[in-house]
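Breakdown of the fold
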Amino acid sequence: MILIISTCSETLHELEFVKPIEDIIGKEFKTVNYKDLTQKHIDSAEKIIICGTSLKDNTFLKELGKFSWIKEYSKPLLGICAGMQIIGLVFGGKIKKKKEIGLIVSNFDKTFLGLDGVKQVYALHNNFIDFSKIPEFEVFAKSLSCDQAVKHRAKKIYGVLFHPEVRNKEFIKKFCLL
Amino acid sequence: MKLGVLFSGGKDSVYAAYLAKKAGHNLSCLITLISKNKESYMFHTPSIEKTKAQAKVMKIPLIEQKTKGEKEKELKDLEKAIKTAIEKYKIEGVVTGAIESVYQASRVQEICNKLNIECFNPLWQKDGEEYLEELLKNKFKIMIVGVFAEPLNENWLGRAIDEKFIKEIKELHKKYKIHIAGEGGEFESFVLNCPLFEKELEVKKFVDSGKGNSWRKEVEVR
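Throughout, a residue's number is its position along its own chain's written sequence, starting from 1. Chains carry letters from A onward and ligands carry numbers from 1 onward, assigned in written order. Where totals are concerned, whole chains, interfaces and linings use all residues; where local detail is concerned, this predicted model gives features only for residues with pLDDT of at least 70, and gives and counts side-chain atom pairs only at 80 or more. As a rule here, side-chain values come from all non-hydrogen atoms in the structure, and water together with hydrogens is ignored.

**As for empty space enclosed by the protein**
All names here are of chain A. Cavities and pockets were defined on a 1 Å grid built from protein atoms only: a cavity is a group of points that admits a 1.4 Å probe but offers it no way out, a pocket is an open group of points flanked by protein on both sides within 12 Å along at least five of seven lines, and a lining residue is one with an atom within 4 Å of any such point. Grid points are joined across faces, edges and corners, and a volume is the space filled by probe spheres set on the points. Throughout the structure, instances matching the rule amount to two cavities of 30 Å³ or more. Considering only enclosed or pocket space, the largest cavity measures out at about 90 Å³ in volume. Taken together, 13 residues make up the lining of the largest cavity; nearest its centre are S54, L55, N58, Q85 and H125. Strands are runs of DSSP state E lasting at least two residues, helices are runs of H or I lasting at least four, and both sets are numbered from the N terminus onward. Every element with two or more residues in the lining of the largest cavity is listed here: α4 (82-90) and β6 (115-129). The element that contributes the greatest number of residues to the lining of the largest cavity is β6, accounting for four residues.

Laid out in structure tokens, this is it:
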């Protein structure tokens with residue numbers, strides 16, 4: 001079972017940031033909002049995806065304690081946009097301001113779950129984390145301004161700042177096969 | 001939350017408004033851009049003046065903003081209309097019917113971000129077939145008022161979105177790659193009734209015009 005964690009503070013936003021990911025996975029998933037997340041949810045999952053939320057919704061930043069389990073998590077984990085920022089913050093990164101909205105070009109220096117070379121990706125963020133300052137992580141792709149794809153050096157913990165559910169759906173399918 | 005609906009009168013914006021209301025939000029106003037450019041990049045054009053009749057049966061105030069429909073200038077007009085909605089109706093966010101158009105969605109996101117309000121796209125990336133079935137399940141009565149792609153023709157004008165329509169459009173999707181929900185602009189729709197309406201709108205008069213695979217139905221409703 002794949003656990004999908006919503007970071008949205010408005011239920012209506014889950015149709016935009018969570019449902020597209022559920023549709024790509026298709027079956028054997030459970031969705032929970034981070035506010036209702038329990039240790040039992042985490043323990044029963046084979047892998048976890050933490051979804052993004054809207055540009056204006058930063059409520060999750062005030063409740064990072066809900067995500068402290070990430071540091072010890074050993075199964076596959078993917079953070080998308082807000083999810084990637086959460087991973088970075090848990091590992092000691094600092095949040096920085098940079099807006100990117102719409103299709104942007106991202107350069108994958110090394111293959112990242114099927115993505116390589118120059119790819120168009122959909123961005124929707126006002127903030128990002130500079131992962132080059134976090135020794136546990138390797139940066140796989142950058143846009144002009146931000147780290148776009150990162151992986152933990154020893155664990156299957158992945159982060160993407162862009163929204164793969166829009167133009168890179170195969171990427172999510174590849175993660176589910178890990 | 002008080003929301004303004006970017007409203008064309010077609011199925012996508014009306015269904016997005018329905019989902020927002022269902023999630024407990026307050027639909028404070030409808031915002032309609034009337035584009036002089038029939039090929040607008042941003043806005044659905046056929047039958048748009050009929051949004052007045054829809055606003056009346058929804059009992060929601062309507063903000064109408066005229067635009068010449070020139071590529072980036074129409075975004076200024078959209079921003080102006082959203083600003084009016086913020087000042088007049090104190091909206092805290094907008095809701096749109098964007099499904100796949102990154103062009104439309106990212107431009108509305110930019111404007112909302114600049115004006116510091118929320119932007120909701122409840123149909124984003126939605127599967128076309130699942131979407132049309134949901135419209136039927138929720139008792140949306142929808143009429144086709146424009147067709148703009150091969151092999152659609154004048155025979156499709158005035159048709160209702162029903163099970164037969166879904167079956168045929170699915171076949172055309174396989175053969176001609178027509179988007180099942182018309183997201184590529186293959187067809188345009190007008191909502192005659194749905195749970196947000198106090199009464200069903202009746203078509204009083206209509207004029208069909210066009211040629212080949214490009215036809216419009218201008219309807220007058222009451």
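**A word on the packing of aromatic side chains**
Residue and element names in this part refer to chain A. A pair of aromatic rings is counted whenever rings of Phe, Tyr or Trp (Trp by its six-membered ring) have centres within 6.5 Å, and the orientation is called stacked for planes under 30 degrees apart, edge-to-face for over 60 and tilted otherwise. A full pass over the atoms with the stated rule returns 18 aromatic pairs over all chains. Residues F112 and F171 carry aromatic rings whose centres are separated by 5.6 Å and whose planes lie at 15° to one another, so their mutual orientation is stacked. Of this pair, F112 sits in strand β5 (residues 95-112) while F171 sits in helix α6 (residues 169-176), and the two are 59 residues apart along the sequence. Buried, partly exposed and exposed residues are distinguished by accessible area as a fraction of the type maximum, computed with a 1.4 Å probe on protein chains only: under 20%, between the cut-offs, and over 50%, respectively. Among the residues examined, F112 registers a relative accessible area of 1% and is labelled buried.

**A closer look at the sheet that holds strand β5 (residues 118-120) of chain B**
Residues and elements named next belong to chain B. DSSP-based pairing: two strands are paired if at least 2 bridges between them are found. In space, the five strands of this open sheet follow the order β3-β2-β1-β4-β5, with parallel pairing throughout. The open sheet has two edge strands with one neighbour each: β3 (62-67) and β5. Put simply, the sheet's adjacent strands are angled 25° from each other on average, direction ignored. Where strand β4 (residues 93-95) meets β5, three bridges bridge the pair, whose relative direction is parallel. Its bridge partner being in β5, G93 is matched across the sheet by E118. Contacts between helix α1 (residues 11-22) and the sheet are confined to β1 (2-6), β2 (26-35) and β4, with β1 contributing the most and set at about 165° to the helix. Each of β2 and β3 is contacted by helix α2 (residues 51-58), which is oriented at about 165° to β3, the strand it contacts most. The axes are straight lines fitted to the C-alpha atoms, using for helices just the contacting stretch, and the angles between their N-to-C directions are given from 0 to 180°. We call two residues in contact whenever any of their non-hydrogen atoms come within 4.5 Å of each other.

**Remarks on the environment of E220(B)**
All names here are of chain B. By the element assignment, E220 lies in strand β9 (residues 214-221). Along the primary structure E220 and V207 are separated by 13 residues, whereas in three dimensions their C-alpha atoms are 8.9 Å apart. Once residues lying within four places of it in the same chain are set aside, the contact partners of E220 are K50, E202, V203, K204 and K205.

**Let's talk about unusual backbone geometry**
With an omega dihedral of 5°, the bond running from E150(B) to P151(B) counts as a cis peptide bond. When you line up the elements, P151(B) lands in the loop between β6 (141-147) and α6 (163-176). Located in the positive-phi region is E28(A), a residue other than glycine, with phi close to 55°. Looking at the element boundaries, E28(A) is found in the loop between α2 (19-25) and β2 (29-33). The phi torsion at K139(B) lies on the positive side, around 65°, for a residue other than glycine. Structurally, K139(B) can be placed in the loop between α5 (128-137) and β6.

**Observations regarding the domain arrangement of chain B**
Residue and element names in this part refer to chain B. Where each domain starts and ends follows an automatic or database-derived domain assignment. Split into domains, chain B comes out as domain 1 (2-120) and domain 2 (128-221). Look at where the C-alpha atoms of domain 1 and domain 2 centre, and you get two points 20 Å apart. Each partner contributes residues to the interface: domain 1 has 25 residues there, and domain 2 has 31 residues. For the pair domain 1 and domain 2, the two sides together bury roughly 2500 Å², of which 62% comes from carbon and sulfur. Buried area counts how much accessible surface, traced with a 1.4 Å probe, disappears from two parts once they are put together, with both parts' losses summed.

**Re the side chain of D147(A)**
All names here are of chain A. When you line up the elements, D147 lands in strand β8 (residues 147-152). For D147, a relative accessible area of 3% translates into the label buried. Here a polar contact means two N or O atoms within 3.5 Å. Within protein one must be a hydrogen donor candidate and the other an acceptor candidate, and residues neighboring in sequence count only if both atoms are side-chain atoms. Polar contacts involving the side chain of D147 include one to the main-chain amide nitrogen of F131, which spans 2.8 Å. Side-chain polar atoms of D147 contact the side chain of K142, separated by 3.1 Å.

**Here we look at the interface of chain A and chain B**
With 23 residues of chain A in contact, the opposing surface of chain B contributes 23 residues. The junction of chain A with chain B conceals about 2000 Å² of combined surface from both sides, 56% of it contributed by carbon and sulfur atoms. A per-residue breakdown of the area chain A buries against chain B is headed by L12(A), E16(A) and K56(A), which together make up 33% of the total. What makes a salt bridge here is a side-chain nitrogen of Lys or Arg within 4 Å of a carboxyl oxygen of Asp or Glu, nothing more. Linking chain A with chain B are two salt bridges. Seen at the junction of chain A and chain B, the total is ten residue pairs in polar contact (both at pLDDT 80 or more). At the level of secondary structure, the elements contributing two or more residues to the side of chain A that touches chain B comprise α1 (11-17), α2, β5, β6 and α5 (164-167) of chain A.

**Concerning the sheet that holds β6(A)**
All names here are of chain A. The nine strands lie next to each other as β2-β1-β3-β4-β9-β8-β7-β5-β6, forming an open sheet whose pairing is mixed. Since the sheet does not close on itself, it has two edges, and those belong to β2 and β6, each with one partner. When strand polarity is set aside, the average angle formed by the axes of neighbouring strands in this sheet is 25°. Where α4 meets the sheet, its contacts fall on β3 (47-50), β4 (77-80), β5, β6, β7 (137-142), β8 and β9 (157-160), and the angle it forms with β4 comes to roughly 115°.

**Things to note about the packing of α5(B) against α6(B)**
Residue and element names in this part refer to chain B. Two elements in contact, α5 and α6, have axes separated by 10 Å at closest approach and are oriented at 170°. What the angle tells us is that α5 and α6 run roughly antiparallel. Facing α5, whose interface residues are E129, L132, E133 and L136, α6 presents E163, F165, I166, I169 and K170. Its residues assigned to classes, the contact of α5 with α6 shows five nonpolar, no polar and four charged. Angle categories: roughly parallel below 35 degrees, roughly antiparallel above 145, roughly perpendicular from 65 to 115, and oblique for all the rest. All residues other than Ala, Val, Leu, Ile, Met, Phe, Trp, Tyr, Cys, Pro, Asp, Glu, Lys and Arg, Gly among them, are scored as polar; the first ten of these are nonpolar and the last four charged.

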